[in-house]
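Structural characterization, general
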Amino acid sequence: MSRLDKKSPSLCTDRPLDNTDISNKLNLLRQLLKSCFGPTARLKQVHNNIGGHVVTTSSSSVLLPVISSSQPFINLIKASILNHVSRFSDCGLFAAIFCLALIEQAKRSGLRGNVSIRVNKHLLALCSGYLQGEDCGCKVKLDFCSSHNLITLARSIVSSKPACVLTEQETLHISKLAVQAFLLTVPCSSSGTVSLGKIVTVSVEGYSVLTSVVFPGLLVDMPDGLCLTKFDYLSNPIRMVLFSTSLAGDLSDLGDGMIEVHAGVDTESQILDQLLELGKQVVDDEVKLFVCQKVVHPVLQQYLRSHGIIVVERVGITIMEPLTQLTDAQPVATLHTKIPSKAYGKVRELSMKQFGSKTMLHLQPLGESVICTLLLCHRNETMLSELKVVCQKTEHVLRLTLREPSALLGGGCTETHLAAYVRHKSKNEAPEAASVLGCSQTEYLLGVEVFCRSLEFVAKALQHDGGNSLIDLTHAHHWTLPADVLEEHMEDSLGFCGCGLVESSPSRKWTFLDTKYTEFLPLALVGDSRVQPRVLDSFTAKLSALQVATETANLALDVRYIIQDVN
Amino acid sequence: MCSFFCPFMSHGSVVGVLEAVILRSFGPEGGQVLFTRDTGQAMLSRSGTHILRALHLEHPLARMVVECVWKHSTVTGDGSKTFILLLASLLRKIHTTASREPHVSHSYNSLEAAEAATARHLADKLLAFALKELDDLIAMEVAPHGRCVSWEDFTAEMHSPANHYVQKLLASFFHMRLGYVHCAFISELTCELLNHWKCIDNLPYFALQFLKDNFPAIHTPVSGFPITSSRLIEGQVIHRDFATPYPQTDHQPIKAVVFTGYLQPRLLNTGDVLEVGCGGTEERSIVDFSAWTERSLQCLIANLQSLGVSVLLSVVKQSAAVLALATQAEMCFVDCVSEDELSLFAQLSGATPISDCWRIEPEHIAELTFCRPILLGPHRYENMPFFSLTCKATHLHAKNYLGTIHTSHLQTLVADVFIIRVKVKPYSLIICGSGEGQTDQYACAFQDAIRMLFTTWEPIPATGTTAAKRTVQSDKRTSSYTHVLTDSSTCTSSNLNPLHKCVLQPGCIMPAGGTFEFLLHHALLKLSHSCSASNDTNIGVPVSRLLASALLSVPKQIYSHSPGQFLQTRTRHNAIFTQDMGLESVSCKYELLLAVLQCVTSLLRVDTILRTHTALHTQSLADTSWESTEDEAEN
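For chain B, the name recorded in an unreviewed UniProt entry is Bardet-Biedl syndrome 10 protein homolog, with Acanthochromis polyacanthus as its organism.

Going by an unreviewed UniProt entry, chain A carries the name MKKS centrosomal shuttling protein and comes from Acanthochromis polyacanthus.

1. Focus on the overall build of chain B
Each helix and strand counted, chain B has 22 helices and 16 strands in total. Burial statistics for chain B: of 635 residues in total, 55% are counted as buried.

2. A look at the overall build of chain A
A count of helical and extended segments in chain A gives 16 helices and 21 strands. Split into buried and exposed, the 567 residues of chain A put 56% on the buried side. By sequence separation, contacts in chain A at least 24 residues apart represent 75% of the contacts at least 6 residues apart. Approximately 24200 Å² of chain A is accessible, and the part contributed by carbon and sulfur atoms is 52%. Put simply, chain A has 52 plus and 56 minus side-chain charges, and the middle of one group is 3 Å from the middle of the other.

3. Quick look at the sheet that holds strand β4 (residues 139–141) of chain A
Residues and elements named next belong to chain A. Reading across the sheet, the 3 strands line up as β4-β16-β20 and stay open at both edges, with antiparallel pairing between neighbours. Bordering the open sheet on either side are β4 and β20 (536–538), each of which pairs with just one other strand. Going from strand to strand, the sheet's axes swing by 45° on average, the running direction of each strand aside. Relative to strand β16 (residues 406–409), β4 is paired through 3 bridges, and the arrangement is antiparallel. When the sheet's bridge partners are listed, V140 is paired in β16 with A407. Those strands touched by helix α6 (residues 148–159) are β4 and β20, and its axis lies near 80° from that of β20.

4. Let's talk about helix α11 (residues 320–328) of chain B
Given 3.6 residues to a turn, an α-helix orients residues that are three or four positions apart in the same direction. Residue and element names in this part refer to chain B. Along α11, 8 of the 9 residues are buried, which leaves the element largely enclosed by surrounding structure. Every buried residue belonging to α11 is among A321, V322, L323, A324, L325, A326, T327 and Q328, and all of these are buried. Elements that come into contact with the buried residues of α11 comprise α10 (286–306), β10 (309–314) and β11 (332–334). Phi turns positive one or two residues past the end of α11, at E330, with a value near 60°.

5. Thoughts on the nonpolar core
Membership of the largest hydrophobic core comes to 113 residues, with the highest contact counts inside it found for A:L26, A:L33, A:F73, A:L131, A:Y444 and A:L546. Of all the elements, helix α4 (residues 92–109) of chain A adds the most residues to this core, at 12 residues. Among the nonpolar cores identified, the runner-up in size contains 81 residues, and A:Y561, B:A62, B:L127 and B:A139 belong to it.

6. A short note on the domain arrangement of chain A
Taken domain by domain, chain A comprises domain 1 (11–138 + 410–564) and domain 2 (218–368). Distance from the C-alpha centre of domain 1 of chain A to the C-alpha centre of domain 2 of chain A: 54 Å.

7. What about the packing of helix α5 (residues 113–132) of chain A against helix α14 (residues 441–460) of chain A?
Residue and element names in this part refer to chain A. One way to put it is that α5 packs onto α14 with a least axis distance of 9 Å and a crossing angle of 60°. When the axis of α5 is compared with that of α14, the two are oblique. Judged by the sense of rotation from one axis to the other, the crossing of α5 with α14 is right-handed. Here V115, V119, N120, H122, L123, L124 and C127 of α5 come into contact with α14, specifically with E443, Y444, G447, V448 and F451. Of the residues that constitute the contact of α5 with α14, the class distribution is 8 nonpolar, 3 polar and 1 charged.

8. Structural notes on the packing of α10(B) against α11(B)
Residue and element names in this part refer to chain B. Axis separation between α10 and α11 bottoms out at 10 Å; the angle between their running directions is 35°. Classified by chirality, the crossing of α11 by α10 is right-handed. Within the contact between the two elements, α10 uses L297, Q298 and I301 and α11 uses A321, V322, L325 and A326. Among the residues making up the contact of α10 with α11, the classes are represented as 6 nonpolar, 1 polar and no charged.

9. Concerning the pattern of salt bridges
Residues and elements named next belong to chain A. With the rule as written, the count across this model stands at 26 salt bridges over all chains. The residue E104 makes a salt bridge to R108 at a minimum N-O spacing of 2.9 Å. Taken together, the positions of E104 and R108, both in helix α4 and 4 residues apart, correspond to about one turn of that helix. Classification of E104 by relative accessible area gives partly exposed; the value is 23%.

10. A word on unusual backbone geometry
Phi is positive for A:D328, which is not a glycine, with a value near 70°. By the secondary structure assignment, A:D328 is in the loop between α10 (317–327) and β12 (345–347). Even without glycine at this site, B:H56 takes up a positive phi of about 50°. Tracing the chain through its elements places B:H56 in the loop between α2 (48–54) and α3 (60–76).

11. With respect to the sheet that holds strand β12 (residues 366–368) of chain B
Residue and element names in this part refer to chain B. Here 4 strands make up an open sheet; going across it, the order is β11-β10-β8-β12 and the pairing mixed. Either end of the sheet is taken by a strand with one partner, and the two such strands are β11 and β12. Neighbour to neighbour, the strand axes of the sheet diverge by 30° on average, direction disregarded. The sheet contact formed by strand β8 (residues 254–259) and β10 spans 5 bridges and is parallel. Along β10, the bridge assignment pairs F259 with S314.

12. Side note on helix α13 (residues 430–437) of chain A
Residues and elements named next belong to chain A. Of all the residues in α13, the buried ones are A430, A433, A434 and L437. Relative to the axis of α13, the buried residues are bounded by an arc of 100° and lie together on one face. Away from the buried face of α13 by more than 90 degrees, exposed residues S435 and V436 are located. Where α13 is buried, its residues contact α5, α12 (413–428) and α14.

13. As for the environment of A:F355
All names here are of chain A. With respect to the element layout, F355 can be found in strand β13 (residues 349–355). Judged by relative accessible area, F355 falls into the buried class, the value being 15%. When the C-alpha positions of F355 and E205 are compared, they lie 9.3 Å apart, and in sequence the two are 150 residues distant. Beyond its immediate sequence surroundings of up to four residues, F355 is in contact with V204, Y207, F215, M360 and L375.

14. Examining the side chain of B:S73
Residue and element names in this part refer to chain B. Assignment of secondary structure puts S73 in helix α3. Assessed through its relative accessible area of 8%, S73 is described here as buried. Setting aside residues up to four positions removed in sequence, S73 forms contacts with T49, D78, S80 and R451.

15. Here we look at the packing of aromatic side chains
Two aromatic rings, taken as a pair, are described by how far apart their centres are and by the angle between their planes. Taken as a whole, this structure holds 12 aromatic pairs over all chains when the rule is applied. Between A:F98 and A:F451, the ring centres sit 5.5 Å apart and the planes meet at 90°, which makes this aromatic pair edge-to-face. Residue A:F98 is found in helix α4, and its partner A:F451 is found in helix α14; the two are separated by 353 residues along the sequence. Both residues of the pair, A:F98 and A:F451, count as buried. Every member of this aromatic cluster is reached through a ring pair, and the members are B:F173, B:F174, B:F215 and B:F446. In this structure, A:R534 packs its charged tip against the face of A:F496, placed 4.2 Å from the ring centre.

16. Digging into the pairing of β10(B)
Residues and elements named next belong to chain B. When you tally the buried positions in β10, you get 6 out of 6 residues, the bulk of the element. With 3 bridges joining them, β10 and β11 adopt parallel strand pairing. Among the inter-strand pairings, V311 is bridged to a residue of β11, identified as C332. Handedness of the β-α-β unit built from β10, α11 and β11 comes out right-handed.

17. Thoughts on the state of the cysteines
Residue and element names in this part refer to chain B. Enumeration according to the criterion identifies 0 disulfides over all chains in this entry. Cysteine C68 shares no disulfide, and the gap to the nearest cysteine sulfur, in C599, comes to 3.6 Å. Taking the relative accessible area as the measure of exposure, C68 reaches 11% and is therefore buried. The exposure class assigned to C599 is buried, which follows from its relative accessible area of 1%.

The rules behind these values
- Residues numbered from 1 in each chain as written.
- Chains lettered and ligands numbered in written order.
- Predicted model: local features only at pLDDT ≥ 70, side-chain atom pairs only at ≥ 80, totals over all residues.
- Heavy atoms only, no water.
- Helix = DSSP H or I, 4+ residues; strand = E, 2+ residues; numbered from the N terminus.
- Buried < 20%, exposed > 50% of the residue type's maximum accessible area, 1.4 Å probe, protein only.
- Contact = heavy atoms within 4.5 Å.
- Areas by Shrake-Rupley, 256 points an atom, 1.4 Å probe, with all protein chains shown as cover.
- Lys, Arg positive; Asp, Glu negative; His and termini not counted.
- Charge placed at Lys NZ, Arg CZ, Asp CG, Glu CD.
- Pairing = 2+ DSSP bridges.
- Axes fitted to C-alpha atoms, helices over the stretch in contact; angles between N-to-C directions.
- Core = buried A, V, L, I, M, F, W, Y, C linked by side-chain atoms within 4.5 Å.
- Domains from an automatic or database assignment.
- Parallel < 35°, antiparallel > 145°, perpendicular 65-115°, else oblique.
- Left-handed = near helix turned anticlockwise from the far one by under 90°.
- Nonpolar A, V, L, I, M, F, W, Y, C, P; charged D, E, K, R; others polar.
- Salt bridge = Lys/Arg side-chain N within 4 Å of Asp/Glu carboxyl O.
- Arc of directions from axis to C-beta.
- Phe/Tyr/Trp six-rings, centres within 6.5 Å; stacked < 30°, edge-to-face > 60°.
- Lys NZ or Arg CZ within 6 Å of the ring centre and 35° of its normal.
- Right-handed = clockwise from strand over helix to strand, strands pointing away.
- Disulfide = S-S within 2.5 Å.

Take a look at the structure:
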């Protein structure tokens, strides 16, 4: 019988945004996430109360799931951001900080909830329209003829995760590997729908990051270390068979009934005979590589090995799909029928690779294949796990560029540029917009200020060392002034803007980000293709992050009552 | 923060507390309510029913009210917040009336008891009056100020004025349910969905019924995307990944079959005993049995291959051998498909699922125009069914059937089966939101919007035009009220011309923002004047006047932020048909009024609450006895 308990009545909170407890928690969350943002972020160590393993991270996809709050309001925001991260892999912290800043600023402005929601929605549409438009001043077209911009994009992602603890050289190495692996998964001959391949990541601890490498084909673990150093005797191509069922001698698909075995009947040996029969066929068909998803009976293994066949067992379900793609084999799951010849797969070359304690069999495809293995090395486990997360994200972001070959300027320049654009645009159209949105012009302009300040807040969040954030008054890019520099020497110490596209010159004018400046139309940089941006952000991910953050903030502003089930 | 606990309150205060919660999300200025389930899952809602049910109230009367609201909204999909407002205001009016003039004709031992009796009496009369007169009154006095949009007009063309009205109606509904920001986008999407499914049959509202019943299989929630990514896609989405690699074949049409059981024969069912090596005439080993199942499976696959079948769908998880053999035969397999989806698939394709693998007839084979994986999001996650590749199916063209007929010998049979086929191009709805809570909220709102439209266009039964008959048809709750109808003290319909009895047309819509309430208020007052003038009733305040004043509480709340607008709208009630405030359905309002009055009656009929003390483990028993008191009170 199930446990019966009296249901206790729910806990209610009226007007959650006015609640001090919730405000404090929101503030804390904003401070926490803000300090994790960007390449100079402060790291966070996560450990549980029972002495489990310590994780060092600054990445939202690792950090957010471990932040648990009893407050559903916090969890609502957290869940939205996490969903975004799981779909787009990037810009999670941007979305979180922007969303929390919007909530905070809207509350502080004293605008009616419904008005700020409408204005936010309106400005979001303005921003997405601008970003998707042709004349957008903070967008860069990605050129697939050169890998330069792709590597820049990858490097921006890798360098934004300081928990990987990489040197400049290592960062570049990993970014290049990520782009190389990504390019290997894109098929060369494209006819009709293109299906991308897969990067299988293998991590090895204790080696320098620079020993990380990409292999075309697959590396499969050989735990028992049956070291055949010479494969020269193998004819080319090598025939292989792939089993998706257990070959341990169990018959699992008989049903739920009972089996009564009379004395004197040796069922096991009967099944083993059957397995050996199968082995005989494999030997006769000149198969040289025998791979099984599950366990292979030791006697069968012995038999196959004695005939010079390499046996790999327990490869697991995750590797099955890349294996079939690589070898063209069809998984076999029948024990009693002859294996059809088309079920066999082919491999061009086999070799053994040794990395530390790991012995792996390297399978190379016969023709062109979209499967590759990324072998990642790092000095210790924590950094390695963060590096693995970063590489997976980079792969995902690079894939997103195939649909939309653009990137946005990084380093806070997109945010400041967008804020300047929104200010300029909404100033000009205030009367019409206000009447459409059903609010007064003052309310509308206040809403615009809330939105723009929140965008600038994100740009400022990149700065952790007490420096000042500036904006130039022509292109509206983001500049950082170190804390120890006096204002007189500003031009000399500024160097380049956040994304590296604009250089400091005496004719430029700057203003601090939190001061009011007269609105102007930010100019796009034209011509001069020699200057390449140094920091790029994913276009698709950032656009979606902007939308998700605004929608989440709007939801949060719309919540008037909280009912908590405390059962 | 406040903890919700009310040991014993009178009706008014119980409902008052509910009203206070509901008001936060009522009207154009209302907001969302966030609530967590006992599983920790967070949900957002502006739906009155969801909010009330999330409260987990303890007070028996409150629970009864919540139950009534829930029953009402599962039928009409709308009006749960107005329900509470009207209920609270009606109870207040009844109490004030009763306390002013307690029942004098009987002797009661206390003033309170006398008041309660009067209140009960008033409630009964109100209900009787509503059941008898209200539909005529609405049809005569209120409906003429609205518009009647026929379902045929709506389905006729995309940009007709009727379409515009329906979209406005939906926009108002979504505004109240989800908020202003996305109401235009979502109502457009709903209209598009209705337009795609509209010609499902000749019956006007059959499409709505179909959508209402199959909504779970038609929509796909996808979280992590902005709401504006929601869209319609052609075909049916099966929310499962292919279990075998998907072969890219382009030959048309694709033939598919549905299996309900295991393809590989299950040799032993639970309870069976297989004796191995019993020393009979033939030496049989267990290997022979397993070889036999494999052989029979091969025959089955070969049979399917000869029939040209390339897509297999199954309810249950199939064994590895089945998947491997299907792959070798270049068929793709989707297993663990939910029953809902397969039932929709069967309805759309006209193919019956196969239960006996050895008898595959042409009527089991569905023909699809395409079947392809769809990536709803950039990643393919293994544990998230909506991310898995999904296969879309199916629109059967008549000419495709001919293809099957030629290859089979069952020409007449096949023709019979398919002649009643619906000709519709199926479309699935992809609902995007930033989190699971939001997609759930949108999905609920969609479903309720369809219910609301269904109530609006529900045809009147040919025989019954009176309120009693209509409501009996739509809901069982009125069945036992007929005895009240004999009550003579209400105004008779003498002032309504019996020869010109108006009938409330389906599809009647009204400007929103309290117009219905204002109009009905005036109509009721007019009626009470003529009543008091013509006949000498034995009660001081006619029930119609009571109802009329209670109705005003709704517009009062709508305009709570600007009393000036309240007066303005009140005086303007007779003006032309405007759409500035949105539109709402008259039949939903009518159903709502009846439901509220029934709830009032059942609330007031309870005179004592007995609190029994039982040990915790018999809680379920106590709950059931609860239900019965509730039912008693209602029936």
